[in-house]
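If you want the building blocks of each chain, they are given just below.
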Amino acid sequence: MADETLVEEIVRRYDGEIGMLIPMMQDLQTACGYLAVDQLKRLAERLEVPLSRLYAVATFYSSFRLAPKGQHEVTLCVGTVCHLKGAGAISEMIREAFKVEAGGTTPDGLFSFQPVNCVGACALAPVMIVDGKYYDGVSKDSVLKILHGLPLAEPAAKGEGNK
Ligand code: FES
């Protein structure tokens, strides 16, 4: 479905009610996998609200993503207990070492990075989850090792058979 049609259909679904902005953004993300800048601009124009308002919502809620999904899902708990055990420094290290923002995807598409609050395993803090697998008591070193060990699948070859 064209972006324009998609945004229009979603806005109509909620009668253009600005109070339904979050469900609209969730529907947009469900349809596309993430919130692309063009789509957010279109939605903001259609609802006649500043784009910054949509960005504020998208960055406040950890369920929204502003980049396509990476090949792996990396979730780092930065809840109180994990934070006290160094999760903040680990999060900063991941962002710097892999050039990835919270809620974003590494430039090579290797993984999406999502810091979250408490994953319910405080006794194991600090906790990182990679593709659903829990790693407990992680440190900067162990996280680096785990993330550098993630396999990066080759993108599908383009133009094969055009030799
Ligand atoms: S604060 Fe990290 S698992 Fe609870």
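**Describing the domain arrangement of the chain**
For step 1, the next point in the chain: Domains assigned within the chain are domain 1 (3–60) and domain 2 (72–148).
For step 2, the next point in the chain: Put simply, the middle of domain 1 and the middle of domain 2, counted by C-alpha atoms, are 29 Å apart.

**Thoughts on the sheet that holds strand β1 (residues 72–77)**
For step 1, the next point in the chain: Read from one edge of the open sheet, four strands run β2-β1-β3-β4, paired in mixed fashion. Taken across any chain shown, the strands that pair with only one partner, and hence form the sheet edges, are β2 (111–116) and β4 (133–135). For this sheet the average axis-to-axis angle between neighbouring strands, irrespective of direction, equals 20°.
For step 2, the next point in the chain: Inspection of the sheet shows β1 paired to strand β3 (residues 128–130) by three bridges, in the antiparallel sense. Paired with V74 across the strands is V130, a residue of β3.
For step 3, the next point in the chain: Sheet strands touched by helix α6 (residues 87–98): β1 and β2. Its angle to β1, the strand with the most contacts, is close to 150°.

Cut-off values and rules
Residues numbered from 1 in each chain as written. Predicted model: local features only at pLDDT ≥ 70, side-chain atom pairs only at ≥ 80, totals over all residues. Domains from an automatic or database assignment. Pairing = 2+ DSSP bridges. Helix = DSSP H or I, 4+ residues; strand = E, 2+ residues; numbered from the N terminus. Axes fitted to C-alpha atoms, helices over the stretch in contact; angles between N-to-C directions. Contact = placed C-beta atoms within 7 Å.

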